[in-house]
Amino acid sequence: MKAIIKDSFILFAITIISGFLLGWVYDITKEPIEKQKQIAKEKACSVVFEDAGGFDTVDLASFTGKTSFAGGDVEEVLAARGSAGEQLGYVITVTSHEGYGGDITFMVGIRNDGTVNAISFTSISETAGLGMKAKNDEFKTQFNGKNVSAFVYTKQGAAAENEIDAISAATITTSAVTGGVNGALAFFHDNLATGGVVNE
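About the cut-offs
- Residues numbered from 1 in each chain as written.
- Predicted model: local features only at pLDDT ≥ 70, side-chain atom pairs only at ≥ 80, totals over all residues.
- Heavy atoms only, no water.
- Helix = DSSP H or I, 4+ residues; strand = E, 2+ residues; numbered from the N terminus.
- Buried < 20%, exposed > 50% of the residue type's maximum accessible area, 1.4 Å probe, protein only.
- Lys, Arg positive; Asp, Glu negative; His and termini not counted.
- Salt bridge = Lys/Arg side-chain N within 4 Å of Asp/Glu carboxyl O.
- Polar contact = N/O pair within 3.5 Å; in protein donor to acceptor, adjacent residues only side chain to side chain.
- Contact = heavy atoms within 4.5 Å.
- Core = buried A, V, L, I, M, F, W, Y, C linked by side-chain atoms within 4.5 Å.

(A) Examining the side chain of Lys140 more closely. Residue placement: Lys140 occurs in helix H2 (residues 137–140). No salt bridge is formed by the buried Lys140, whose closest oppositely charged neighbour, Asp137, lies at an N-O distance of 4.1 Å. A polar atom in the side chain of Lys140 sits 3.5 Å from the backbone oxygen of Lys135. When residues no more than four places from it in sequence are discounted, the contact partners of Lys140 are Ile119, Phe121, Ala134 and Lys135.

(B) Spatial organisation of the nonpolar core. Grouped together as the largest cluster of nonpolar side chains are 32 residues, with contacts concentrated most on Ile92, Phe106, Val108, Phe143 and Val177. Of all the secondary-structure elements, those providing two or more residues to this core are strand E3 (72–81), strand E4 (87–99), strand E5 (102–111), strand E6 (116–123) and helix H3 (171–191). Looking at this core element by element, the count peaks at seven residues for H3. Residue contacts for Val177: discarding those within four places in its chain leaves Ile104, Phe106, Ile119, Phe121, Ala134, Phe139 and Phe143. Of all hydrophobic cores here, the second largest spans eleven residues; its members include Ala44, Ala52, Val91 and Ala118.

This is a description of form; function is not addressed.
Okay, here's the thing in structure tokens:
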């Protein structure tokens, strides 16, 4: 009986000490992790809106339009400002839940007239050599400078302004990213558009 009590006490002490150590490590690493996330966010913003002088957070709760789209969600909206404070457009962060390897989160820069500046990934864990090719310029720059209401992907070679060449053997990733960009565009047109002309 004494042995059982002794073992239970030892196990209890180990549990308490382990919990304390885990909490201590969490407190130490929390700030550096958050700082790295902020640095990654700022870098992604500068990629999708190179000419912006700063970014202001826009309250998602102020919008009446949906903040979700087929297979994903709008996570955050930032207003992109020029060096003189003028409105240039928006950076919309979206998460697609339909990636092959899980959620894919990225930013979409959209100018006031609805033109997509660029996209930049903040979280992606697709298959190496296949879906991870979404991070390559060859794929992601296909969205740049396009002013369309929505994109479609094709395996036959893009022939129209709104067509995106699919990543070979990674249709699921292609679909997830294209759907995310379309989600950002839909949110923009429902909530943020200022009457710019959209070309099909």
